[in-house]
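# Geometric and topological summary
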Amino acid sequence: MDGYEICKQVREWNITVPILVLTARAETDSKVKLLQSGADDYLVKPFSFAELVARVRALMRRPAESLPETLLFADIELKPSERKVMRSGKEVALTLKELDCWNTL
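Report on the accompanying structure. (Residues numbered from 1 in each chain as written. Predicted model: local features only at pLDDT ≥ 70, side-chain atom pairs only at ≥ 80, totals over all residues. Heavy atoms only, no water.)

### Quick look at the environment of K79
Stated formally: Helix numbers and strand numbers start at the N terminus; a helix is a DSSP run of H or I with at least 4 residues, a strand a run of E with at least 2.
Following the sequence through the fold, K79 ends up in strand 4 (residues 76–79). In this structure the C-alpha to C-alpha distance between K79 and E69, which are ten residues apart in sequence, comes to 6.3 Å.

Shown next as structure tokens:
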């Protein structure tokens, strides 16, 4: 399944989790297609870590009614307010750089 199909499927299931696409495809048609399929933002590789953090922060500023406290995808659970990531019910240990990223969210 490609990014377009993933976005469409997530939105068809009425999942409101923010979707930030990281891709090498820089063509306008590709960007438009992804945004129309349900992506909230788009970042072309290579990108700076600072820009990635800024875009994630922008997505996280959404009102509470549109952004759930827990973000879920498959067996991955993200709890921004607790700075926790769980996979298959087990907490994922974050590196110092990843924890520092949480401080900016």
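Anyway, onward from the coordinates.
### Observations concerning the side chain of S37
In plain terms, the rule: To sort residues, take the accessible area from a 1.4 Å probe on protein chains only and compare it with the maximum for the residue type: under 20% means buried, over 50% means exposed, and anything in between is partly exposed. By definition in these notes, contact holds between two residues if any of their heavy atoms fall within 4.5 Å.
Here S37 is to be found in helix 2 (residues 28–37). Overall, S37 belongs to the buried group, its relative accessible area being 10%. Setting aside residues no more than four positions away along its own chain, S37 makes contact with Y4, C7, K8 and R11.

### Some remarks on helix 1 (residues 3–12)
Let me state the cut-off plainly: Note that the arc is computed from the directions linking the helix axis to the C-beta atoms. Whenever a nitrogen or oxygen atom comes within 3.5 Å of another N or O atom, the pair is scored as a polar contact, on the condition that within protein one atom can donate a hydrogen and the other can accept it, and that pairs from neighbouring residues in sequence are kept only if both atoms are in side chains.
Regarding helix 1, the residues found buried are Y4, C7 and V10. End-on view of helix 1: buried residues confined to an arc of 135°, all on one side of the axis. On its buried face, helix 1 sits against strand 1 (20–23), helix 2 and strand 3 (71–73). At the N-terminal end of helix 1, a side-chain oxygen is found 3.2 Å from the backbone nitrogen of Y4, two or three residues along, and the residue is D2. Immediately downstream of helix 1, the backbone of N14 shows phi near 60°, a positive value.

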